[in-house]
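# Per-entry structural report
The lines below spell out each chain.
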Amino acid sequence: IAIAAASAVTYVVVRGELRSQVDDGLRQRAGAINRLRIGESGSGEAFLDIPPPLLGGAAGYTQLVTADGRTIRAPAETVELPVTDRDRAAAAGTTSAFFADRTVQNIHIRVYTLPLQSGYALQISRPLDEVDSALARIRGWLLVIAAAGVGLAALLGLLVARAIIAPVRRLTGLAEEVSATRDLT
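The following refers to the structure shown. Only a predicted model underlies this, so the values are computations on that prediction, with no experimental measurement involved.

Our focus in this paragraph is the overall build of the chain. For the chain, the count of helices and strands is 3 helices and 7 strands. The order of helices and strands in the chain, counted from the N terminus, is α-β-β-β-β-α-β-β-β-α. A burial count over the chain gives 28% of its 185 residues as buried. Across the chain, contacts joining residues at least 24 apart in sequence account for 48% of those joining residues at least 6 apart.

Okay, helix α1 (residues 2–32) next. Here α1 contains 31 residues, and its C-alpha end-to-end distance of 45 Å stays within 8% of the 45 Å for a straight helix at 1.5 Å per residue. Residues S7, Y11, R19, V22, D23, G25, L26, R29 and A30 constitute the buried set of α1. Where α1 is buried, its residues contact β5 (98–104), β6 (107–115), β7 (120–127) and α3 (129–181).

Turning to the sheet that holds β7, a few remarks are in order. Sheets are built from strands that pair by backbone hydrogen bonding, the pairs being arranged parallel or antiparallel. What the 5 strands build is an open sheet, ordered β4-β3-β7-β6-β5; its pairing is antiparallel. Every interior strand has two partners, whereas the edge strands, β4 (71–73) and β5, have only one. Direction aside, the axes of adjacent strands within the sheet are offset by 30° on average. Relative to β4, strand β3 (residues 61–66) is paired through 3 bridges, and the arrangement is antiparallel. From the neighbouring strand, V65 faces β4, where its bridge partner is T71. Contacts between helix α2 (residues 85–92) and the sheet are confined to β3, β5, β6 and β7, with β7 contributing the most and set at about 135° to the helix.

Turning our attention to the pattern of salt bridges. For the coordinates displayed, the defined rule picks out 8 salt bridges. In this structure, D23 engages R110 in a salt bridge whose closest nitrogen and oxygen atoms are separated by 2.8 Å. Of the two residues, D23 sits in helix α1 while R110 sits in strand β6, which places them 87 residues apart along the sequence. The class for R110 is buried, based on a relative accessible area of 12%. The salt bridge involving R102 is made with D87; its shortest N-O contact spans 3.1 Å. Taken as a pair, R102 in strand β5 and D87 in helix α2 lie far apart in primary sequence, 15 residues in all.

Take the nonpolar core next. Counting 14 residues, the largest nonpolar core has V22, L26, A30, L122, I124 and V131 as its most contacted members. Secondary-structure elements contributing two or more residues to this core are α1, β7 and α3. Of all the elements, α1 adds the most residues to this core, at 4 residues.

How each quantity is defined
Residues numbered from 1 in each chain as written. Predicted model: local features only at pLDDT ≥ 70, side-chain atom pairs only at ≥ 80, totals over all residues. Heavy atoms only, no water. Helix = DSSP H or I, 4+ residues; strand = E, 2+ residues; numbered from the N terminus. Buried < 20%, exposed > 50% of the residue type's maximum accessible area, 1.4 Å probe, protein only. Contact = heavy atoms within 4.5 Å. Expected span 1.5 Å × (residues − 1). Pairing = 2+ DSSP bridges. Axes fitted to C-alpha atoms, helices over the stretch in contact; angles between N-to-C directions. Salt bridge = Lys/Arg side-chain N within 4 Å of Asp/Glu carboxyl O. Core = buried A, V, L, I, M, F, W, Y, C linked by side-chain atoms within 4.5 Å.

As C-alpha cells, then:
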C-alpha cells in the first residue's frame with residue numbers, strides 16, 4: 001500500500017510541476033506582449049498584430065476575445081479557440097486571469113486568459129502533448145514499480161510466513177507420530 005501511495009503522490013507532484021512550467025511560460029509570454037495592435041485587413045476584417053517572442057521563445061497561439069464573444073487573431077492563426085462564458089466575463093472585466101484545459105481539433109491545450117482594458121481578454125495557449133506524453137511514460141513506470149513492490153512484498157510475506165510456520169509443522173508431525181505409535185521416546 002505504501003508503494004502505491006508513494007507512486008500516486010509522485011505522479012501528482014510531477015504532473016503539477018510540468019503543468020506549472022507550461023503555466024509560467026504562458027504567463028511570461030503574456031507579460032512580454034507590451035503592445036497589442038488590432039489592425040484591419042483589406043477585406044475589413046480585424047486582425048491581431050503581436051510582436052514575436054524574443055530569441056525564438058515559445059509564442060503560443062494567441063487570440064483576443066471580446067465581451068460579446070467575438071475573436072480576433074493574427075492573420076496566420078486561423079483556428080478559433082473555443083470561447084466560454086468565463087472568457088467573455090474576463091473580457092468584460094468581471095473575472096480575473098485564469099488557466100483552463102481545452103481540446104481544439106483533437107489537441108489538448110492549456111489556455112491562459114488575461115483580462116485587458118476596454119472589453120478585451122487576451123488568450124494565449126500552448127499544446128500539452130509533450131506534458132501528456134511525459135506523464136504517460138511516468139505513469140507506466142510508476143505502475144511497473146508499484147507492481148514490482150507489491151510482488152516483492154508478497155514474496156517476502158510468503159517467506160516470512162513459511163519461516164514462522166516451520167516449527168509448528170515440525171511439532172504437528174511429531175504429535176501425529178506420537179498419536180499413531182504411542183511412543184514418547
